[in-house]
Amino acid sequence: MPEKRDSAEDRSTVRSLLRLWPYLRPVRLRWGTAALVAVVASCLGLVIPLVLKWIVDGPVAARDPGGVWLGALYVLLLGIAEALLFGFRRWLVGRPLASVEAAMRADLYRHLQRLPISFHDRWASGQLLSRGTTDLSLLRMFLVFPLTFLFVNGVTILVGYVVLLDQQWTLGLVLLAPVAPLVVLCTFFEKRYAVVARRAQDQVGDLTTVVEESVLGIRIVKGFGRHRSQATAFRALAGLLRGTELDKARLLAGIWALITILPEVAVGAALVVGTVQVADGDLSAGTLVAFLSTTLALRWPVESIGFLLAMSQEAATATERFFEVMDEPEEDIGPAGTAAAEATPRADGVRFEGVSFRYPDAPDGSPPVLDGIDLHVRAGETLALVGATGSGKTTLTALVPRLHEATGGRILLDGEDITHMPRERLRELVSVAFEEPTLFSASVGENVLMGGGDADAMTRALAVAQAEQFVAALPGGTATQVGEQGLSLSGGQRQRLALARAVVGRPRFLVLDDPLSALDVHTEALVEAALREVLRGTTALVVAHRPSTVLLADRVALLSEGRITAVGTHHELLRDHPEYAWLMSGDAEDRGTDPR
Ligand SMILES: Nc1ncnc2c1ncn2[C@@H]1O[C@H](COP(=O)(O)OP(=O)(O)OP(=O)(O)O)[C@@H](O)[C@H]1O
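Residues numbered from 1 in each chain as written. Predicted model: local features only at pLDDT ≥ 70, side-chain atom pairs only at ≥ 80, totals over all residues.

Going by what an unreviewed UniProt entry lists, the protein chain is known as ABC transporter ATP-binding protein and is assigned to Streptomyces solicathayae. What UniProt records for the protein chain under Subcellular location (unreviewed entry) is the sentence "Cell membrane". (UniProt positions renumbered as here; feature names shortened; annotations may be inferred.)

Here it is as structure tokens:
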């Protein structure tokens, strides 16, 4: 994962949280009303001690039972009003804040779809998953509770202290004594907690990655009997996370203890001073009762500050982690408008002119994967790309739909530079199928129609990919659910559906990265015969490892160490280029070594 860890000090908690404002803005009225309702409810709690003072100094002193009952009724009504108002607050914010979380999640998902492949190459999927789930849930909890209560409790404490100072300023000052040390301690705590909270949230991401990999790779894990080592790796990470969570708990326990003990000591001192004052006749018993009840009413607002700060810190970290992804630049969508699409370009096929490419995360000084590629795939032609493993074939094909950006040179489709085309149009023109076919949790039909076209086109495409028969035999035909949540298909069946998806929209340009590798030779021959029909009007670049696939092509280009070293027909290359002959001989697969 590329992001900085333990970087919570880079940005203050408040500055991090302020970035949530655009999401909060639509619900600001409701949130503001809810906060006001909570302040009123909380301050109602401070009226109760004043009623107690009235009861003690009034009806109790005058031995008037009717007055005491009346006072008790006031206290009961105040309590009920406080509870109702808090309930109302919850109702006001519950739904709007859930929609804030939903909006953030939708934005994150949309953004992830638009980030370049190089971003996804760099980031572990578990880190992205944890940001979209755990972090956003943390943020919703923060918006519902700590954000409101830091404000509400702050106002309550302020009002409470004004009431206390008003009742007896000397006792009030005794209670205020711990405020300064507490502010210093809280600041120190917040800094330490920020670092640990960040570490914990990153570790949750790492753990998610391990779980995800183990689930996706369960066949390998079982096949190689690696469940013990996977479990060990999982336990190690879980142990790390447990340690970090314990660090958090220790810090929280420490600050909670201080936040509880210091004010309690001050209350004890105020009680002693107050009792002496009552004994000296300087203070009424009712005032002392009211004073101490107010202090008790302030206990929760004061004690809660510790964990409210902790939750705010976690929310700030979650916000940082959310915006680390959101701040990543999206792929540029290319020039706006469709003017270029309307001007009918000359049919020129695909041209690579001096194209070079180096992966952004390649080590410094390493040679580029592709270097000065000049290649012309004529309009309507099928060109096979052959090369040793690791020679850059997949990389070259990925440059055509701009899954990666060429770092030098240019690629022209029918004479038009692909960087001058809107990306959407480019991807309409170019269709792709990869050796590793990915199917989504959707029906067979939906998977195929991702490539465009209609029901008739799908029937044709399934026929080309020789998938008609097995699809018809599926329990629900093309409506059968496949992918992770659905029926499991064989590798060859998946490849054929991926191929159908690539050809269904009858694209002008087709890029196939060894899409028939999992088929038996008979099925491959049938697919190729049908593909030849499709490819007649299409310019195609096909990565090939086997002579049977190469025979599908009009010409062949040999890629060697990132350069095109020969172009010609299969037979010309077989005759003139030992490396090609070696690659096609089958010995290459058997020996796994290069003839050079
Ligand atoms: N995301 C990446 N980051 C850095 N280097 C990469 C990345 N993907 C591939 N490479 C490197 O680029 C080189 C070419 O890889 P590529 O997948 O294009 O080869 P290939 O010819 O398609 O191989 P194969 O026939 O085995 O599929 C390899 O050395 C590989 O290690």
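Some details on the overall build of the protein chain
Within the protein chain, the secondary structure is distributed over 25 helices and 12 strands. For 596 residues, the compact-globule estimate of 2.2 N^0.38 gives 25 Å, and the protein chain exceeds it by more than 25% at 35 Å. For the protein chain, the spread of C-alpha atoms along the principal axes amounts to about 115 × 50 × 50 Å. Put simply, of all contacts in the protein chain between residues at least 6 apart along the chain, 80% involve residues at least 24 apart. (Helix = DSSP H or I, 4+ residues; strand = E, 2+ residues; numbered from the N terminus. Rg over C-alpha atoms; globule rule 2.2 N^0.38 Å. Contact = placed C-beta atoms within 7 Å.)

Some words on the site of the ligand
In the vicinity of the ligand lie 13 residues, with Tyr-359, Thr-389, Lys-393, Thr-394 and Thr-395 positioned nearest. When the residues that make up the shell around the ligand are grouped by side-chain class, the tally is three nonpolar, seven polar and three charged. (Near = placed C-beta within 6 Å. Nonpolar A, V, L, I, M, F, W, Y, C, P; charged D, E, K, R; others polar.)

Quick notes on the UniProt feature "transmembrane region" (unreviewed entry) in the protein chain
Sites flagged by UniProt as "transmembrane region" (unreviewed entry) map to residues 34-56, 68-88, 138-163, 169-189 and 251-271. Span residues 138-163 is 96% helix and 0% strand, its end C-alpha atoms 35 Å apart. Across residues 169-189, the secondary structure splits into 90% helix and 0% strand, with the terminal C-alpha atoms separated by 30 Å.

Digging into the environment of Leu-439
Looking at the element boundaries, Leu-439 is found in the loop between strand E6 (430-433) and strand E7 (442-443). Judged by local crowding, Leu-439 falls into the buried class, with 22 C-beta atoms found within 10 Å. Remark: the alpha-carbon pair of Leu-439 and Phe-470, spanning 31 residues in sequence, is separated by 16 Å. With sequence-adjacent residues up to four places away left out, Leu-439 is seen in contact with Asn-447, Val-482, Gly-483, Arg-494 and Leu-497. (Buried ≥ 20, exposed ≤ 12 C-beta atoms within 10 Å, placed from the backbone.)

Here we look at the sheet that holds strand E10 (residues 539-543)
Taken together, the six strands give an open sheet; going across it, the order is E6-E9-E10-E3-E11-E12, and neighbouring strands pair in mixed fashion. In this open sheet, the two edge strands, each paired with only one partner strand, are E6 and strand E12 (563-568). Adjacent strand axes in the sheet meet at a mean angle of 20°, parallel and antiparallel pairs treated alike. Relative to the sheet, helix H24 (residues 578-585) contacts strand E3 (382-387), strand E11 (555-560) and E12, its axis offset from that of E11 by approximately 100°. (Pairing = 2+ DSSP bridges. Axes fitted to C-alpha atoms, helices over the stretch in contact; angles between N-to-C directions.)

Notes on the pairing of strand E1 (residues 350-357)
Each regular strand carries side chains that alternate between the two faces of the sheet. Where E1 and strand E2 (residues 370-377) come together, five bridges link them in antiparallel fashion. Paired with Val-355 across the strands is Ile-373, a residue of E2. One ladder, built from five bridges, connects E1 with strand E4 (residues 408-413); its direction is antiparallel. Looking at the pairing, Ser-356 lines up with Gly-408 of E4.

A few points about the nonpolar core
One finds Leu-385, Ala-500 and Val-542 to be the most contacted residues of the largest nonpolar core, which totals 73 residues. Per-element tally for this core: the top contributor is helix H20 (residues 491-503), with six residues. Residues contacting Val-542, with those up to four places away along its chain left out, are Thr-382, Ala-384, Leu-385, Leu-512, Thr-549, Leu-552 and Ala-553. The next biggest cluster of nonpolar side chains, apart from the first, holds 43 residues, and it includes Ala-34, Leu-143, Phe-189 and Ala-197. (Core = buried A, V, L, I, M, F, W, Y, C linked by C-beta atoms within 7 Å.)

Observations concerning the packing of helix H7 (residues 146-167) against helix H8 (residues 169-176)
Where H7 contacts H8, the two axes come as close as 5 Å, and the packing angle between them is 140°. On the basis of their axis angle, the class for H7 and H8 is oblique. Seen from H7, the contacting residues are Tyr-161, Leu-164 and Leu-165; seen from H8, they are Trp-169, Leu-171, Gly-172, Leu-175 and Leu-176. Along the lines of polarity and charge, the residues of the contact of H7 with H8 split into seven nonpolar, one polar and no charged. (Parallel < 35°, antiparallel > 145°, perpendicular 65-115°, else oblique.)

Here we look at helix H18 (residues 455-464)
All of the buried residues along H18 are Met-458, Ala-461, Leu-462 and Val-464. Projected down its long axis, H18 carries its buried residues within an arc of 155°, all on one side. Packing partners of the buried residues in H18 comprise helix H17 (444-449), helix H19 (468-472), H20 and helix H21 (521-535). Positioned one or two residues after H18, Gln-466 has a phi angle of 55°, which is positive. (Arc of directions from axis to C-beta.)

So, the environment of Gly-492
Note on placement: Gly-492 falls in helix H20. A residue is classified by how many C-beta atoms lie within 10 Å of it, and Gly-492, with 20 of them, is buried. Separated by 60 residues in the primary sequence, Gly-492 and Val-432 have C-alpha atoms spaced 17 Å apart. Setting aside anything within four residues of it in sequence, one finds Gly-492 in contact with Ala-518, Leu-519 and Thr-523.

A look at the packing of H8 against helix H11 (residues 227-279)
Angle between the axes and distance between the axes are the two parameters that describe a pair of packed helices. Close contact between H8 and H11 brings their axes to 8 Å; oriented N to C, the two are set at 160°. Between H8 and H11, the interaxial angle falls into the category roughly antiparallel. At the point where H8 passes H11, the crossing takes the right-handed sense. Residues Thr-170, Leu-171, Val-174 and Leu-175 of H8 form the contact with H11, whose own contacting residues are Ala-266, Val-267, Ala-269, Ala-270, Val-273 and Gly-274. Here the contact of H8 with H11 is built from residues that sort into eight nonpolar, two polar and no charged. (Left-handed = near helix turned anticlockwise from the far one by under 90°.)

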